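Structural overview
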Amino acid sequence: METVVWSKPEDQRAGTPLLVMMHGYGTDESRMVRLFEYLPPEFTFAALRAPMPIGDHYGWFLLDYFLANDFADVISVTGTVHGWINSVRGQHTSVSLMGYSQGMAMASTLLRLHPRDYAAVVGLSGFVLDNDLLALTDEFEARPPFFWGRDKADLVINEDATAYTGEWLEAHTLLTARTYPGMGHAMSKAEMADVGAFLRHYVLA
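This report concerns the structure included in the present document. Remember, it's a predicted structure, so these values are computed and weren't measured experimentally.

Definitions and limits used
Residue positions are counted from 1 within each chain, in the order its sequence is given. Where local features are concerned, this predicted model is filtered to residues with pLDDT of at least 70; where side-chain atom pairs are given and counted, the filter is 80 or more; whole-chain, interface and lining totals use all residues. Hydrogens and waters are ignored; side-chain quantities use all the structure's heavy atoms. In this description, strands pair whenever DSSP reports at least two bridges between them. Secondary structure is summarised from DSSP: a helix means a run of H or I of at least four residues, a strand means a run of E of at least two, and numbering begins at the N terminus for each. Each axis is a line fitted through C-alpha atoms, and for a helix only the stretch in contact is used; angles between axes span 0 to 180 degrees, taken between their N-to-C directions. Residues are treated as being in contact if the distance between any of their heavy atoms lies within 4.5 Å. For patch detection, residues must exceed 30% relative accessible area and be free of salt bridges, and they are connected within 9 Å for like charges or within 5 Å for nonpolar side chains (Val, Leu, Ile, Met, Phe, Trp, Tyr). Residue-level accessible areas treat just the shown protein chains as cover; the underlying method is Shrake-Rupley with a 1.4 Å probe. The salt bridge criterion pairs a side-chain nitrogen of Lys or Arg with a carboxyl oxygen of Asp or Glu, the two atoms within 4 Å. As used throughout, the charge tally considers Lys and Arg to be positive and Asp and Glu to be negative, leaving His and the chain termini uncounted. Positions of charges follow a simple convention, taking NZ of Lys, CZ of Arg, CG of Asp or CD of Glu. For each residue, the accessible area found with a 1.4 Å probe, counting protein chains only, is set against the maximum for its type, and the residue is called buried under 20%, exposed over 50%, and partly exposed in between.

1. Section: the sheet that holds strand 3 (residues 44–48)
Strand order across the open sheet formed by seven strands is 1-3-2-6-7-8-9, with mixed pairing between neighbours. Pairing within the sheet leaves two strands with one partner each, and these edge strands are strand 1 (4–6) and strand 9 (174–179). Averaged over all adjacent pairs, the angle separating strand axes in this sheet is 20°, with direction ignored. As paired strands, strand 7 (residues 121–124) and strand 8 (residues 145–150) are joined by four bridges and run parallel to one another. From the neighbouring strand, V121 faces strand 8, where its bridge partner is F146. Packing against the sheet, helix 6 (residues 189–204) makes contact with strand 2 (16–22), strand 6 (92–100), strand 7, strand 8 and strand 9, and its axis sits at approximately 180° to strand 8.

2. Digging into a negative patch on the surface
Side chains of D130, D132, E159 and D160 sit close together on the surface and give a patch of like negative charge. Residue class for D160 comes out exposed when judged on its relative accessible area of 66%.

3. A closer look at the pairing of strand 7
Side chains V121 and G123 project from strand 7 onto one buried face, and the interleaved V122 and L124 project onto a second face that is buried too. Inspection of the sheet shows strand 6 paired to strand 7 by four bridges, in the parallel sense. Looking at strand 7, one finds that Y100 is bridged to L124.

Take it as geometry only, folks, not as evidence of what the structure does.
In structure tokens:
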């Protein structure tokens, strides 16, 4: 990954749990950096910048209004992110994932392809990819902890994608689902308080 913003200097990261944070489509890592101060300080946070230029911002893979995508692009960028994570994994006690919007699709895809490698996943105002090839991997030895936060009135993620996401998460994960009326397609301080409690329970405990 060419651009990564860390919450701690390199000499303070060893022996800490790592939370890898992935932003949404058409934004950048600064959207996730703003969350650092609201999350448990025991973690090291790494906010990644997606590699694909989208206007003046970035995305993980091309996406249209209906959330259609080229699966080859998804697999390629997921492999890149997983490879980067493996390059830093050794200095941390565990690795968890957080994704906002399209970043939630990335986080859940990483989990589906490498379920033993991630302690917990946080998905914010996003979706899980509905893909027949990915579905072939959906056999976990144990249900991974997954936090899903959203506003039911979020108009960015369409109803079909939201329905599939809910069904998949219920079927395959140890799900903590929370809704935040009035938040829209965004993230909130109240949501971060719940995410912090989730991470403390499933990772730090």
